[in-house]
Amino acid sequence: MGLGTIVFRKAMVTTTLEDERTWEVETGIPIRDFSMDVFQDLIVIVCYRNTGLERQVRFHSMSTGKDHPLARRPVVEIKATEPRLTSCNIAINNDVVGIIFQDQIVHSNQRLDANVLAVWAWKSGDLLLYLPSNLDNVVDSLSFLSPNHVLVGWRALFHREAQNMHEKSSLDVYDLSRGAEASPIKRFLLPELDEAATVLEFTICCDSTPTPSQHCPRPFYASPDHKICKIQIVFGYQLSGLMMRESPISLFLFTHVFLQEYGPSVTPPDETMETIIVPWDQWGNNTRTTLWNPAESVYNICVNGSRVIRKIPTNVPNRFKLQLCDFNPYAISSIESLPGKPTSNYRYVHPSHDNVLEMRVFKQKVYSPLPYLEITTKKSFEAHDVMLDHDNIYLVRTREIEVLSF
């Protein structure tokens, strides 16, 4: 293989009669990280650089490995705080690309996270949003809610001088049309935390809605504002000076919750701030909060449209049942209308079912009544993890992936 070679393997698609195929491309550049969008024939590459403080990003074609023909500026750069780059989080949504560069700085003899988020219009190369971390907060995760809106998770920065960390984490919505350094248009607050608690990690998952094209033959997808968004949160709890890592929780809600208008009771805290503050009691009733086991890797795609896929342990080691959770209200209503009792692998989770969460990180009980439909396989499968897209379920194993079609 040559420099920067990437091997692609595309699964078969029964709905459009597409066969499985494998191909490789040579980009000719050293790759630090990459992501792809088959619907746009696009590879987003973060280049590996040994010297300098530039973070170089390239937009290439999945078909040829060369510069993407629609990218007027196929190479863009931003400045970094240090040459060392630990990792990246790349999100693609049609014409926009967002990347969190996970950097670090040294402050008061402490190595601290100093992540930077940049969003580009990849066809023009224009920088739409630039968010550096600070000594209070770290930009931790992102997901696109629409072509013009991005959701960003901000967590408190943990260091010796940090104070009131339980108040410094939020989910912020940015309008990409307002400039690269614009303030968020909305800030969604979490349930009130105990003074000893803080957010250690956000992971936001929401699949993009592609624009139909020759690379995207399906005519219908979930509407951009009616997709399910998964927000996984890892909390920490301080005891005797030690930060204890708590079990993660997952919030599920539709993207329109972040985009809708809120009533007059939700107002900015002062006249100098443009951001609308939305407390938990204004949006928590639109969520489902769970203690489901998280995916093994942030690179596993477990959310698609209104559906979420997860593993259910069995009595046999390394074998799991698969559970598809569909938040589509029309899917729920169709099950409710079935005559008699549904089959045992279906369960309608009513708003009043399993809707209370109690953890020591919260000052009060957390209520989250969003209903959904559970569909659990009767058969068990061997899998390290499980993924989902529009057409298939993927069982991820150590050296292979098994594809299950709907």
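Check the entry above for the structure.
Parameters at a glance
Residues numbered from 1 in each chain as written. Predicted model: local features only at pLDDT ≥ 70, side-chain atom pairs only at ≥ 80, totals over all residues. Heavy atoms only, no water. Helix = DSSP H or I, 4+ residues; strand = E, 2+ residues; numbered from the N terminus. Core = buried A, V, L, I, M, F, W, Y, C linked by side-chain atoms within 4.5 Å. Buried < 20%, exposed > 50% of the residue type's maximum accessible area, 1.4 Å probe, protein only. Contact = heavy atoms within 4.5 Å. Salt bridge = Lys/Arg side-chain N within 4 Å of Asp/Glu carboxyl O. Phe/Tyr/Trp six-rings, centres within 6.5 Å; stacked < 30°, edge-to-face > 60°. Lys NZ or Arg CZ within 6 Å of the ring centre and 35° of its normal. Pairing = 2+ DSSP bridges. Patch = residues over 30% accessible without salt bridge, like charges linked within 9 Å, V, L, I, M, F, W, Y side chains within 5 Å. Areas by Shrake-Rupley, 256 points an atom, 1.4 Å probe, with all protein chains shown as cover. Axes fitted to C-alpha atoms, helices over the stretch in contact; angles between N-to-C directions.

Draft legend 1. A look at unusual backbone geometry. Despite not being glycine, Asn318 has its phi angle at roughly 65°, a positive value. Counting through the fold element by element, Asn318 comes out in the loop between strand E24 (307-313) and strand E25 (319-326). The phi torsion at Asp354 lies on the positive side, around 50°, for a residue other than glycine.

Draft legend 2. Summary view of the nonpolar core. By size, the foremost hydrophobic cluster in this structure holds 33 residues, and its most contacted members are Leu151, Leu171, Ile231, Ile233, Phe258, Trp283 and Phe362. Taken together, the elements giving at least two residues each to this core come down to strand E15 (170-175), strand E17 (197-205), strand E18 (228-239), strand E20 (249-254), helix H1 (256-259) and helix H2 (280-283). Here this core gets five residues from one element, more than from any other, and that element is E18. Aside from chain neighbours lying at most four places away, what touches Ile231 is Leu151, Leu171, Phe202, Thr203, Ile204, Ile249, Ser250, Leu251, Leu253 and Phe258. Counting 22 residues, the second largest nonpolar core, distinct from the first, contains Phe252, Cys302, Cys325 and Ala383.

Draft legend 3. Up close: the pattern of salt bridges. Overall, the coordinates contain 15 salt bridges when judged by the stated rule. Among the ionic pairs, Lys123 bridges to Asp95, the shortest N-O distance being 3.1 Å. Of the two residues, Lys123 sits in the loop between strand E11 (116-121) and strand E12 (126-132) while Asp95 sits in the loop between strand E7 (87-93) and strand E8 (96-102), which places them 28 residues apart along the sequence. Given the relative accessible area of 28%, Lys123 is considered partly exposed. Residue classification places Asp95 among the partly exposed positions, given a relative accessible area of 41%. Each of Glu192, Glu195 and Lys363 takes part in a single network of salt bridges with overlapping partners.

Draft legend 4. Examining the packing of aromatic side chains more closely. For the structure on display, the rule yields twelve aromatic pairs. For the ring pair Phe188 and Tyr262, a centre distance of 5.8 Å and an interplane angle of 70° mean the geometry is edge-to-face. Of this pair, Phe188 sits in strand E16 (residues 186-189) while Tyr262 sits in the loop between H1 and strand E21 (276-278); the two residues are 74 residues apart in sequence, bridging distant segments of the chain. Taken as a pair, Phe188 and Tyr262 share a single burial class, namely buried. One aromatic cluster in this structure is built from Phe188, Phe258, Tyr262, Trp280 and Trp283. Just above the ring of Trp23 sits the side chain of Arg21; from NZ or CZ to the centre is 4.1 Å. In this arrangement the basic side chain of Lys311 is found over the ring face of Phe320, its NZ or CZ atom lying 4.3 Å from the centre.

Draft legend 5. Seen up close, the pairing of E12. Here E11 runs beside E12; their pairing, made up of six bridges, is antiparallel. Paired with Trp120 across the strands is Leu127, a residue of E12. Counted between consecutive antiparallel strands, the loop separating E11 from E12 contains four residues, among which Gly125 sits at a positive phi close to 85°.

Draft legend 6. Local environment of the pairing of strand E13 (residues 137-146). A large share of E13 lies buried, amounting to ten of its ten residues. The sheet contact formed by E13 and strand E14 (residues 149-156) spans eight bridges and is antiparallel. In the sheet register, Leu142 faces E14, and the bridge partner there is Val152. Linking two consecutive strands that pair antiparallel, namely E13 and E14, is a turn of two residues.

Draft legend 7. Spatial organisation of the side chain of Asn304. Relative to the elements of secondary structure, Asn304 occurs in strand E23 (residues 303-304). You can call Asn304 buried: its relative accessible area is 7%. The contact partners of Asn304, leaving out residues within four places of it in the chain, are Asp207, Leu388, Asp389 and His390.

Draft legend 8. Local environment of the environment of Cys47. As for its placement among the helices and strands, Cys47 is situated in strand E4 (residues 42-47). According to the relative accessible area criterion, Cys47 is buried, its value standing at 8%. Leave out the neighbours within four places in its chain, and Cys47 touches Ile29, Pro30, Arg32, Gln56 and Arg58.

Draft legend 9. Local environment of a nonpolar patch on the surface. Together, Leu239, Leu242 and Met244 make up a nonpolar patch on the protein surface, roughly 270 Å² of accessible area in all. As for its placement among the helices and strands, Leu239 is situated in strand E18. A residue is classified by how much of its surface remains accessible, and Leu239, at 39% relative accessible area, is partly exposed.

Draft legend 10. Spatial organisation of the sheet that holds E12. Pairing within the open sheet is antiparallel, and its four strands lie in the order E7-E8-E11-E12. Because the sheet does not close on itself, it has two edges, and the strands there are E7 and E12. Averaged over all pairs of adjacent strands, the angle between their axes in this sheet comes to 15°, without regard to strand direction.

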